[in-house]
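Fold and geometry: a report
One-letter residues, chain by chain:
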Amino acid sequence: MALARGRRGGSVQDFWPGYVDILSTLLLVVTFLMSLFMITQFFVSQESSGKDVALKRLTAQIAQLTELLALERTNKQASEDELAALSASLAQTEAEKKKLSELIALGDEKAGAAQSRAAVLETDLETQKEISEEALARVNLLNQQLLALRRQIAALEAALDAAEAKDKESQTRIADLGQRLNVALAKKVQELSQYRSEFFGKLRQALANRQDVRVVGDRFVFQAEVLFPSGSDVINPEGLATLDSLAQALNELEGKIPKEVNWVLRVDGHTDRRPISTPIFRSNWELSSARAIAVVKFLISRGIPANRLVAAGFGENQPIEPGESEDAFAKNRRIELKLTER
């Protein structure tokens, strides 16, 4: 664009010398005509005899000069038109130059703003690159951790599968052992039931079906008065004889029960619900426990192994007969014998 403006400016500047040359030429032509006219007049005055010839020659020269003048006028008009066109072109060029300058100024401003924006964007881009690199590092770390976690999960799943398989095998074994144990327990319970029935049968024979001794379920129940005086844990003579028969029957039974049957004779002491408080027994708990222990000690003295005997006191807390009558109180004061497993 600057080159074009330079060329246009150069064309205008080159035109003015040409225009001056044209004016000089016209001036020379006019001077020439005047000189010619003067010469002609001279020759007219000098050569009167050759007027016609000279006039014709002069007329021809004048005609020629007229044509030259017309040609020069035409050239002048063309030059003026060209000068006007060049002036218009120069004005348009100046306008375009001004507009272009404004555009350049505006472009410079926009370029400055764009550069500033570009700098900000470049800074943001660098920041984003740093963040992206950090995020990528975190992602890589997370991927590594995830891979390690997946490996751990796979190992755990394999271990779990193995454990489940082992557990199934163990459960199968446990079920089999449980079945065997149930069969063995059932067999032992059946055997113990047989020995319990035999034991109870011998006790019935020894006690001659006394009314104060009863069988309640799987237990032999003695009324407390059969063995002890009221409020005492000392076995009376009648009770000693009864317990001696019990010891004999138990000794006979012990030799028949297989050693693998872990049996015990449990002796439970019970009282009625009326409270007791003496220098020896402060409560029914103490009285019921002392009576059970007294029976166990007597049986031990008759040869029953201590590891086959259990003494327990329940006080008034396990009645078998409701009510407040003397008969109900008498039935609740009792010693229970139960042949069971330890």
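As the structure is a prediction and not an experimental result, all values here were calculated from the model.

Focus: the packing of helix α4 (residues 237–254) against helix α5 (residues 284–301)
Here α4 crosses α5 at 55 degrees, and the two axes come no closer than 10 Å. Regarding the angle of α4 to α5, the classification is oblique. Helix-helix and strand crossings are classified by hand; for α4 and α5 the assignment is right-handed. Residues L240, L243, D244, L246 and A247 of α4 touch α5, and the partners they reach there are V295, F298 and L299. Split into classes, the residues belonging to the contact of α4 with α5 amount to 7 nonpolar, no polar and 1 charged.

Section: the side chain of D272
With respect to the helices and strands, D272 occurs in the loop between β3 (263–270) and α5. Within the structure, the side chain of D272 is placed 3.1 Å from the backbone nitrogen of R274, a separation counted as a polar contact. Setting aside its immediate chain neighbours within four residues, D272 contacts N284, E316, F329, N332 and R333.

Brief notes about α4
For the α-helix, the turn length of 3.6 residues means that residues three or four positions removed from each other point alike. The terminal C-alpha atoms of α4 lie 25 Å apart, and with 18 residues this matches the ideal 26 Å at 1.5 Å per residue to within 8%. Along α4, the positions that sit buried rather than exposed are G239, T242, L243, L246, A247, A249, L250 and L253.

Digging into α5
Compared with the 26 Å implied by 1.5 Å per residue over 18 residues, the 26 Å span of α5 between its first and last C-alpha is a close match. Every buried residue belonging to α5 is among N284, L287, S288, A290, R291, A292, A294, V295, V296, F298 and L299, and all of these are buried. Among the residues trailing α5, G303 stands out with phi positive, at a value near 100 degrees.

A closer look at the pattern of salt bridges
Scanning all chains against the criterion turns up 9 salt bridges. Its salt-bridge partner being R302, residue D244 comes within 2.8 Å of it at the nearest N-O pair. Here the residue D244 occupies a position in helix α4, and R302 occupies one in the loop between α5 and β4 (309–315), the gap between them amounting to 58 residues. Using a relative accessible area of 25% as the deciding quantity, one classes D244 as partly exposed. What makes R302 partly exposed here is its relative accessible area of 38%. Residues R266 and D268 are paired through a salt bridge, measuring 2.9 Å at the closest nitrogen-oxygen approach. R266 sits in the partly exposed class, given a relative accessible area of 29%. What makes D268 buried here is its relative accessible area of 2%. One connected set of salt bridges, linked through shared partners, spans E225, D272, R274, E326 and R333.

A word on the side chain of R333
Along the polypeptide, R333 turns up in the loop between α6 (326–332) and β5 (334–341). Residue R333 is classed as buried on the basis of its relative accessible area, which comes to 18%. At a separation of 2.8 Å, a polar atom in the side chain of R333 contacts the side chain of D272. Excluding anything up to four places from it in sequence, R333 contacts F222, Q223, A224, E225, H270, T271, D272 and R274.

Calculation criteria
Residues numbered from 1 in each chain as written. Predicted model: local features only at pLDDT ≥ 70, side-chain atom pairs only at ≥ 80, totals over all residues. Heavy atoms only, no water. Axes fitted to C-alpha atoms, helices over the stretch in contact; angles between N-to-C directions. Helix = DSSP H or I, 4+ residues; strand = E, 2+ residues; numbered from the N terminus. Parallel < 35°, antiparallel > 145°, perpendicular 65-115°, else oblique. Left-handed = near helix turned anticlockwise from the far one by under 90°. Contact = heavy atoms within 4.5 Å. Nonpolar A, V, L, I, M, F, W, Y, C, P; charged D, E, K, R; others polar. Polar contact = N/O pair within 3.5 Å; in protein donor to acceptor, adjacent residues only side chain to side chain. Expected span 1.5 Å × (residues − 1). Buried < 20%, exposed > 50% of the residue type's maximum accessible area, 1.4 Å probe, protein only. Salt bridge = Lys/Arg side-chain N within 4 Å of Asp/Glu carboxyl O.

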